[in-house]
Protein chains: 2
Amino acid sequence: MNFVKEPMAIENRSMEIIAPYLRDYKLNEAETKVYSRMIHASGDVEYAKVIKIGAGAIEAMKKALLSGCNIFSDVEMVRTGINKKKLASFGGEVFCEIANPEIAEVAKKQKITRSMAAMRHFGKRLDNSIIAIGNAPTALFEVLSMIKEKQIAPAAIVGTPVGFVGAAESKKLLAELALVPYITVEGTKGGSPIAASCVNAVMYLLNNDRV
Amino acid sequence: MNFVKEPMAIENRSMEIIAPYLRDYKLNEAETKVYSRMIHASGDVEYAKVIKIGAGAIEAMKKALLSGCNIFSDVEMVRTGINKKKLASFGGEVFCEIANPEIAEVAKKQKITRSMAAMRHFGKRLDNSIIAIGNAPTALFEVLSMIKEKQIAPAAIVGTPVGFVGAAESKKLLAELALVPYITVEGTKGGSPIAASCVNAVMYLLNNDRV
C-alpha cells in the first residue's frame, strides 16, 4: 500500500492543509500554530470558528513554562497527551490525581466528580501552574470558584472540557470572568487531545526542537 | 456556583440530550449506545452522520471480549481511555508499544511511524484481538496490509485515526475491504477518545456494571 509514512512529512503536510482554513481569522504566527495543532488533533477544521485565545494567554503560558511551572490536568488522557519530555526540559511535570483511590473516596462521600475533588486536593499547588482541563466541566467550574475566592492563582488555564452537561457553560464562564489568561473552545466540543495539543503547541513555540 | 456535580446524573443527562440527534439513523439499541458514547466523547453531534458500524461488528467485539481477548492500540491515549478494569473483568488487557525505545529505533531506521512499527512488532499477537486505532492512519494501513496478506486475523478493528493526511483514506479502505468486522468514522475527524469510547461502549453492553 502506498501512503505517506514519514512522521515529519505527515505533520508538515497536515499544517499546509489546515492553513487556508485560518485565513479569515487574523491570527499572528503563534496563534496560527496553536490553532493548527488543535485542529490537527481533532481533524475538524470547524474548530477555527470556536477556539478562543484570551488576551496574553500564549505569552503567560510561555513565561510560566520557561519558569519551570507544573501542569495539572483533570484526566489521565490529558496527562498522556502532553509531551512530558518537552515539559521536563523546562523543569515542569504533569500531575493528575483522578485515579488516586483517596480522591475517589472523597468524591464518593461528597457526591462530586473525582476530577473536582482532585482540583480541591491540589489546592495551593495550583499557584503559578498551568491548569489543563480536557474533559470535566466540574473541574473547570471548581477551579474558577477557587480563583474567585482567591484560594489559588494559576498562571493560565487551558479549558476545553467536552460534552452536553456544563461543558459549554463552564467554558463560557472561563472566558467571561477572564480571571486568568486562558485558551478555550466555545460550545460542546473539546476533549483531552484538544487540551493536550494546545499545551504542546505553546511548548513547541519556545523552540523548534520537538524533543 | 450551581452546576450538576454527580457523575451518573451528568452521564444520563448527556445521553438524553444526544438521543434526538440519532432518531433519523434507524439504530438498534446496541448501536444507539455506541453512537451515543462516541458523540459524548467528542461533544459533536455531527458524528452521527459519519460513524459507520460494519455488519456484525458489535457482536464480533462482544464475542471477542467475552473470550478474554486483548486490545492493541496505536497510541497511549487510546490505552489510557479504555476502561482497563472493565476489560480485565473479561480477562483482557490493552497493549501499546509506541513508547518502547526499541520500536522507536526500528521506526527511525525504516523511516516509518512508530505506531506502524509497533503493529508489525505485535504480529501474530493480533490474532483474535481487537485493534483500536485512534490516531495513526499509518497503523491502520499497516494492519490492513497484514490482514490482506493473511499474516494476521484480528477479531475486529475500531479504526478512528484522525487528521488530514491519510486518515480519511485509511478509514475508507477499512470499510471498503471489510476484511474483518469494523467500526469507523468517515472523513478527517476521529481521535483517541473516539476509539476508546467506542470500545468502552461495547464493553458496557455486556452488562450494566461500569466496574
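Scroll up a little and you will see the structure.
The text that follows walks through the structure, step by step, so that each part is easy to find. (Residues numbered from 1 in each chain as written. Chains lettered and ligands numbered in written order. Predicted model: local features only at pLDDT ≥ 70, side-chain atom pairs only at ≥ 80, totals over all residues. Heavy atoms only, no water.)

Some details on the pattern of salt bridges
Should the charged atoms of two oppositely charged side chains come close, the side chains can pair. Residue and element names in this part refer to chain B. Within the structure shown, the criterion is met by 22 salt bridges over all chains. A salt bridge links Glu-29 to Lys-33; its shortest N-O distance comes to 3.7 Å. Of the two residues, Glu-29 and Lys-33 both sit in helix H2 (residues 29-42), 4 residues apart, roughly one turn of that helix. (Salt bridge = Lys/Arg side-chain N within 4 Å of Asp/Glu carboxyl O. Helix = DSSP H or I, 4+ residues; strand = E, 2+ residues; numbered from the N terminus.)

Quick notes on the interface of chain B and chain A
Across the contact, 42 residues belong to chain B and 42 residues belong to chain A. When the two sides are added together, the surface that chain B and chain A hide from each other amounts to roughly 3,200 Å², 80% of it contributed by carbon and sulfur. When the area that chain B buries against chain A is broken down by residue, the three leading residues are Met1(B), Met77(B) and Phe164(B), summing to 23%. Linking chain B to chain A there are 0 salt bridges. Between the two partners, chain B and chain A, sit 3 residue pairs in polar contact (both at pLDDT 80 or more). Counting only elements with at least two residues in the side of chain B that touches chain A, the list comes to helix H1 (7-18), H2, helix H5 (76-81), helix H9 (137-148) and helix H11 (192-206) of chain B. Of the residues assigned to the side of chain B that touches chain A, the class counts are 20 nonpolar, 13 polar and 9 charged. (Contact = heavy atoms within 4.5 Å. Buried area = accessible area lost by both parts, 1.4 Å probe. Polar contact = N/O pair within 3.5 Å; in protein donor to acceptor, adjacent residues only side chain to side chain. Nonpolar A, V, L, I, M, F, W, Y, C, P; charged D, E, K, R; others polar.)

Describing the nonpolar core
One recurring pattern in soluble globular proteins: nonpolar side chains tend to sit buried together. Residues Leu65(A), Ile71(A), Leu65(B) and Ile71(B) are the most contacted members of the largest nonpolar core, which totals 87 residues. Residues in contact with Leu65(A), not counting those within four places in the same chain, are Ile71(A), Leu87(A), Phe90(A), Ile130(A), Val202(A), Met203(A) and Leu206(A). (Core = buried A, V, L, I, M, F, W, Y, C linked by side-chain atoms within 4.5 Å. Buried < 20%, exposed > 50% of the residue type's maximum accessible area, 1.4 Å probe, protein only.)

Comments concerning the sheet that holds strand S1 (residues 51-53) of chain B
Either a parallel or an antiparallel arrangement is found when strands of a sheet pair, and the pairing is made through backbone hydrogen bonds. Residues and elements named next belong to chain B. Read from one edge to the other, the open sheet built from 6 strands follows the order S1-S6-S5-S4-S2-S3, with strand pairing classed as mixed. Across the chains shown, the open sheet's two edge strands, defined by having one partner strand only, are S1 and strand S3 (94-95). Bridging between strand S2 (residues 71-73) and S3 involves 2 bridges; their strand directions are parallel. Opposite Ile-71, over in S3, you have Val-94 as the bridge partner. (Pairing = 2+ DSSP bridges.)

Some words on helix H11 (residues 192-206) of chain A
Taking 1.5 Å as the rise per residue, H11(A) with 15 residues should run 21 Å; its terminal C-alpha atoms sit 22 Å apart, in good agreement. Burial runs high along H11(A): 13 of the 15 residues are buried. (Expected span 1.5 Å × (residues − 1).)

As for the relation of the copies chain B and chain A
Mapping chain B onto chain A is achieved by rotating through 180° and translating by 0.0 Å along the same axis, at an RMSD of 0.0 Å. On the angle and the small slide along the axis, the relation comes out as a two-fold axis. For chain B, the residue whose C-alpha comes nearest the rotation axis is Met77(B), separated from it by 2.8 Å. An overlap of 100% is found between the interface residues of chain B and their copies at the interface of chain A, pointing to a shared contact surface. (Least-squares fit on C-alpha atoms with pLDDT ≥ 70 in both.)

Quick look at the packing of aromatic side chains
Aromatic ring pairs are defined here through the distance separating the ring centres and the angle between the ring planes. A full pass over the atoms with the stated rule returns 4 aromatic pairs over all chains. An aromatic cluster is built from Phe72(A), Phe95(A) and Phe122(A), whose rings are joined through pairwise contacts. Between Lys189(B) and the ring centre of Tyr47(B), over which it is positioned, the NZ or CZ distance is 5.4 Å. (Phe/Tyr/Trp six-rings, centres within 6.5 Å; stacked < 30°, edge-to-face > 60°. Lys NZ or Arg CZ within 6 Å of the ring centre and 35° of its normal.)

Brief notes about the state of the cysteines
According to the stated counting rule, one finds 0 disulfides over all chains in the structure shown. You can see Cys69(A) has no disulfide; the closest cysteine sulfur is in Cys198(A), sitting 13 Å from it. The buried category is assigned to Cys69(A), whose relative accessible area is 6%. Sulfur of Cys96(B): no disulfide; nearest cysteine sulfur belongs to Cys69(B) and is 16 Å away. (Disulfide = S-S within 2.5 Å.)

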